Amino acid sequence: MVTAKKGILSSASAGDGTTSTAAQRVIVDFKDALVDYKTTSLPAISLFCDTMQTETGGDIDITVSKPSMAMEEIDEGSTPAYQSTNMRNERVSVREWGIAVGVTRRMIEDSRFNEVELAMNEARRAVDRHITKHVMYALFGKYNATLATGASSADIEYDTTEAVVELFTNAKHGSFFGASPGTAASGSEGRLAEYGDYDSTALNTLGSHYLNSSATVATNDIAMKDLTAAMELISSKGGNANLICINPGHVKNLLDMADFTATATAFETSRAGDAGTAAESLSGPNGNGVIGNLFGMNVLVNAYVPQGRFGVFDTSVKPMTYVERRGMTVEEANPGFGIVGSYMSMRYGLKIVRPENGVIVIGDAA
């Protein structure tokens, strides 16, 4: 966990504009350094999210289609009955996040490194850390007060009902199907849609996409029974599980499994759904990424996956949407007191909009 470190703009060192303070000894020749930081790679978004653009902020609405049409037998020359697409409304909260960077210089002439580059690189890594944590906490239903993830100011658990997590007021980042998925919130037609040979009753019987872990040895243990149950839940709704996402605590238990192949299978990067480059580089500086293969699914380890939880996903159809009002921008800031700094900001929203494309296995249930 990283705690923000107050810098030259804090009240302790801001100065009064006349008295010499650390706040006045700043670098002013950094404008060229800003150009390279107007965009940043965000592999967590590439892997798990479909990107959309919006011209407004605050809460916005998007529509998601549900299976709603079927072929019918008709007499030759006649016209079949007209059909329409069944749509589901999803509300996404778009918020702004930013970092203000001020740079001092202790050595005016003989510095061995460019402090502006150093500060901007660290700010860029902070953006990557923030986005990765935001995506992972939203995916795994982990409560965080700052990010507003989870549901009703708590973690989403295996017994949290669909009627609760379906509502935007309770779960602003959405969720996968909760317990009793066939029972929708009052006034809603629900998110569950029959597929293949599974009608709504059969899908409701299969249950929640948040599973209480069958493992009894440790919090970060993995049970084969949970993996096969997750594969069934996704497949029964038309998906195909292709990724297991774990935290570092799961790695030893995973390596002890005879079915685990510790050689990563190459992605077909030509196919948009694979997002191979994103998976290989996710949280790259920490060495996290795809570490192997199990039951035909790639296994990805990431330090921001909440302890005691792992997920099984179908990333060929991204489970989340990333709604962007404004991408990462970098601006020169001059707040006074002789200070010249920079301001990095972005405005976006995240939400799970494909509740059928992920299963979370919970080993930390209260």
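Residues numbered from 1 in each chain as written. Predicted model: local features only at pLDDT ≥ 70, side-chain atom pairs only at ≥ 80, totals over all residues. Heavy atoms only, no water.

(A) View of the overall build of the protein. Helix and strand counts for the protein stand at 8 helices and 11 strands. Scored against the burial criterion, the 366 residues of the protein give a buried share of 47%. Long-range pairs, those at least 24 residues apart, make up 72% of the contacts in the protein between residues at least 6 apart in sequence. Here the protein has roughly 18300 Å² of accessible surface; of this, 49% comes from carbon and sulfur atoms. (Helix = DSSP H or I, 4+ residues; strand = E, 2+ residues; numbered from the N terminus. Buried < 20%, exposed > 50% of the residue type's maximum accessible area, 1.4 Å probe, protein only. Contact = heavy atoms within 4.5 Å. Areas by Shrake-Rupley, 256 points an atom, 1.4 Å probe, with all protein chains shown as cover.)

(B) How the structure looks around unusual backbone geometry. The backbone of A148 sits at a positive phi, close to 65 degrees, despite the residue not being glycine. Relative to the elements of secondary structure, A148 occurs in the loop between α3 (115–140) and α4 (162–165). Located in the positive-phi region is S153, a residue other than glycine, with phi close to 60 degrees. By the secondary structure assignment, S153 is in the loop between α3 and α4. Among the residues examined, S153 registers a relative accessible area of 56% and is labelled exposed.

(C) Quick peek at the nonpolar core. Ranked by internal contacts, the top residues of the largest apolar core, which has 44 residues, are F48 and V135. Broken down by secondary-structure element, the contributors of at least two residues to this core are α2 (43–48), β3 (86–102), α3, β5 (243–246), β9 (320–336), β10 (339–352) and β11 (358–362). Sequence-distant contacts of V135, defined by excluding residues within four places in its chain, comprise A44, I45, F48, M320 and L350. (Core = buried A, V, L, I, M, F, W, Y, C linked by side-chain atoms within 4.5 Å.)

(D) Broad picture of the confidence of the model for the protein. In the predicted model, the protein carries a mean pLDDT of 79, and the fraction of residues at 70 or more is 73%. Summarising per-element confidence for the protein, the mean pLDDT is lowest in helix α1 (residues 31–34) (50) and highest in β11 (96). Contacts for the low-pLDDT stretch residues 11–20, under 50 throughout, to residues beyond four places or in other chains number 16 contacts. A low-confidence stretch, residues 264–274 (pLDDT under 50), is modelled with 19 contacts involving residues beyond four sequence positions or located in other chains. (pLDDT = per-residue confidence, 0-100.)

(E) Here's a closer look at the environment of S152. Tracing the backbone shows S152 in the loop between α3 and α4. On the basis of relative accessible area, S152 is assigned to the partly exposed category, the value being 43%. Between the C-alpha atoms of S152 and V164, which are 12 residues apart in sequence, the distance is 8.3 Å.

(F) How the structure looks around the pattern of salt bridges. For the coordinates displayed, the defined rule picks out 11 salt bridges. R129 is the partner of E122 in a salt bridge, and the nearest nitrogen-oxygen pair spans 2.9 Å. Using a relative accessible area of 35% as the deciding quantity, one classes E122 as partly exposed. A relative accessible area of 24% means that R129 is categorised as partly exposed. Salt bridges sharing common partners tie together R88, E90 and K351. (Salt bridge = Lys/Arg side-chain N within 4 Å of Asp/Glu carboxyl O.)

(G) Main features of the side chain of S208. By the secondary structure assignment, S208 is in the loop between α5 (200–206) and β4 (210–212). Polar contacts involving the side chain of S208 include one to the main-chain carbonyl oxygen of F177, which spans 3.3 Å. Within polar-contact distance, the side chain of S208 engages the backbone nitrogen of Y210 at 2.9 Å. (Polar contact = N/O pair within 3.5 Å; in protein donor to acceptor, adjacent residues only side chain to side chain.)

(H) A look at the sheet that holds β5. Taken together, the 6 strands give an open sheet; going across it, the order is β4-β11-β8-β5-β7-β6, and neighbouring strands pair in mixed fashion. Each end of this open sheet is capped by a strand with a single partner; those strands are β4 and β6 (289–294). Averaged over all pairs of adjacent strands, the angle between strand axes in this sheet comes to 25 degrees, irrespective of strand direction. Pairing between β6 and strand β7 (residues 297–301): 5 bridges, direction antiparallel. Opposite G292, over in β7, you have V299 as the bridge partner. Strand contacts of helix α6 (residues 224–235): β4, β5, β6, β7, β8 (309–313) and β11, with the helix running at about 40 degrees to β8, the strand carrying the most contacts. (Pairing = 2+ DSSP bridges. Axes fitted to C-alpha atoms, helices over the stretch in contact; angles between N-to-C directions.)

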